[in-house]
Structures are given as C-alpha cells and as structure tokens.
Amino acid sequence: MNELSITAVPGGVEIWTLNRPHARNALTSDMALRIVAECERADRSEEVAAIVLTGAGPGFCAGLDLTEFSKPDAPRDVVGKAIRRLRQFGKPVVGAVNGAAVTGGLELALACDMLIASPEAVFRDTHLKIGAMSGSGMTVHLPRAVGRGWARRMILAGEPMSVETALRIGLVTEIVPAVELLDSATALAGRIAAMDSALSSTTKRLCDAIESTTPEEGLRLEAAALREHRKKGRAWNTGI
C-alpha cells in the first residue's frame, strides 16, 4: 500500500493523503520518510504552489504507529524530522482534518498553515497518557495555536478539544460537512496557488519568522523583506 498518496489537481495544487485508514493513518517510519522526500520534491517543483494534507478513512492521524515505535530500536526521530520538515515547507499547506488528530497527528496538523475540519474532527495530545514526551514541538506550537490555558489542559490533562471549540479559538478556520471537506480545502488551496507563487512562499517564511520573535524584530524582518522585494523589480506594491 502507498502510505502517502499524492494527487495533482489543476492550478498547482497537490493533495497529500495519509493512507493507512485501517490504522487511523498512524505514522510509520516509511510514511515519515516519504513526507520528508515529498517536501523536498515539491519545494523544488515549479508546478506545485500549494498543498492539501488530509487523511484517508475516518481519521486524520492517530499519531505514531505504536506497533512499530514501541520497539526499543525503533527510529522515533524520523517522525519528528518529518513534522519539522513539513513546518519548514516553503509553500502553503492547508490541513483538511477529517477526523481525530491525536498526539503526533496533532503535531502534524499544527505544522499546516491553516486548518479546516469536518464535524468529526477532534484534537488531542496523549503524550503523558502513554508515558512519552514530545520531540516535535507540541509544547512550543500548541500554546501559540490555542493559548496557554487550553494548551496546558490538552498537554497535562490529555483533554480533547472539540471541533467547535477549535473553531471558536481559531485553531481551525472553518467547519465543513465531511462530504465537502476535501473540495473546500482544495478550493482554498487553489485560491492560494493563484497568487504569485514566489511572493507567497516569501510571505509564508516571513510569517513563520515573525511568529517566533518580538514585535520589534518582526517589524524589522518585514521591512527587510519589503526592501528585498523591491530590489526584484516589484516596487509597484510598496505596502502601506
């Protein structure tokens, strides 16, 4: 079975589907290595401008496949590398969360630029419940996505977040019926892909950099990016 299915659609969009529905798309080392490889390929490709990431079947991603990763010699670091590589991906990623996004699956969702979800979606961190700690940025990125209080409830108490709460606090931007989710996510990615691809990638990287710094440093980074943009002959759009 192809554990990561890639489908190209018109307009520069690719749909990446985690394809282990029998295991709620739990991540294996092979799937993680494939995510890294596809990020490398798509970053280099002039044909790809935006990605939709979703899961096959009833779940988005159940985290790590414990059948593989509970073994003492399991290559656990490959999943962290895959999640970090997706976060560093140079083009916009729309997450279409069609079901449970749990632990490593939640970290994978947090690596997307924006999330839309079906009513069946739920978000949960079970690291402590299984006696583990995150190595893929949960304690860094979840508080920034949902706020300090909710992040600590999820991380320390293992409490799930409903899709309605996720919409209310901004973790997801839209709830879409399951039968419409992939089409809606693809249409959103298509609107993104219709923008200037190079400028879109530059702006995404700028947003990522600004998120991890002070407002003052963020303003400096934005001004530097605008100067670089003007040097490339696009000075007609000077900003406000």
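The rules behind these values
- Residues numbered from 1 in each chain as written.
- Predicted model: local features only at pLDDT ≥ 70, side-chain atom pairs only at ≥ 80, totals over all residues.
- Heavy atoms only, no water.
- Helix = DSSP H or I, 4+ residues; strand = E, 2+ residues; numbered from the N terminus.
- Buried < 20%, exposed > 50% of the residue type's maximum accessible area, 1.4 Å probe, protein only.
- Polar contact = N/O pair within 3.5 Å; in protein donor to acceptor, adjacent residues only side chain to side chain.
- Expected span 1.5 Å × (residues − 1).
- Contact = heavy atoms within 4.5 Å.
- Pairing = 2+ DSSP bridges.
- Axes fitted to C-alpha atoms, helices over the stretch in contact; angles between N-to-C directions.
- Parallel < 35°, antiparallel > 145°, perpendicular 65-115°, else oblique.
- Left-handed = near helix turned anticlockwise from the far one by under 90°.
- Nonpolar A, V, L, I, M, F, W, Y, C, P; charged D, E, K, R; others polar.

Quick look at the side chain of Ser45 now. Mapped onto the elements, Ser45 comes out in the loop between α1 (29–44) and β3 (50–55). Residue Ser45 is classed as buried on the basis of its relative accessible area of 18%. A polar side-chain atom of Ser45 sits 3.0 Å from the main-chain amide nitrogen of Glu47.

Quick look at α1 now. Compared with the 22 Å implied by 1.5 Å per residue over 16 residues, the 23 Å span of α1 between its first and last C-alpha is a close match. What α1 keeps buried is the set Ser29, Met31, Ala32, Ile35, Glu38, Cys39 and Ala42. Residues of α1 that are buried sit in contact with β1 (4–9), β2 (13–18), α2 (66–69), α3 (77–87) and α4 (104–110).

The three strands lie next to each other as β5-β7-β8, forming an open sheet whose pairing is mixed. With one partner strand each, in any of the chains shown, β5 (100–102) and β8 (161–162) form the two edges of the open sheet. In the sheet, strand β7 (residues 122–124) pairs with β8 via two bridges, with the strands oriented antiparallel. Counterpart to Val122 in the pairing with β8 is Ser162.

To continue, consider the packing of α1 against α3. Direction vectors running N to C along α1 and α3 enclose 25°, while the axes themselves pass 8 Å from each other. Considering their axes alone, α1 and α3 lie roughly parallel with respect to each other. In this structure, α1 meets α3 at a crossing whose hand is left-handed. Each of Ser29, Ala32, Leu33, Ile35, Val36, Cys39, Glu40 and Asp43 in α1 lies in contact with α3, whose residues at this interface are Val78, Val79, Lys81, Ala82, Arg85 and Leu86. Of the residues that constitute the contact of α1 with α3, the class distribution is nine nonpolar, one polar and four charged.

By themselves, these are just geometric observations and shouldn't be taken as functional.
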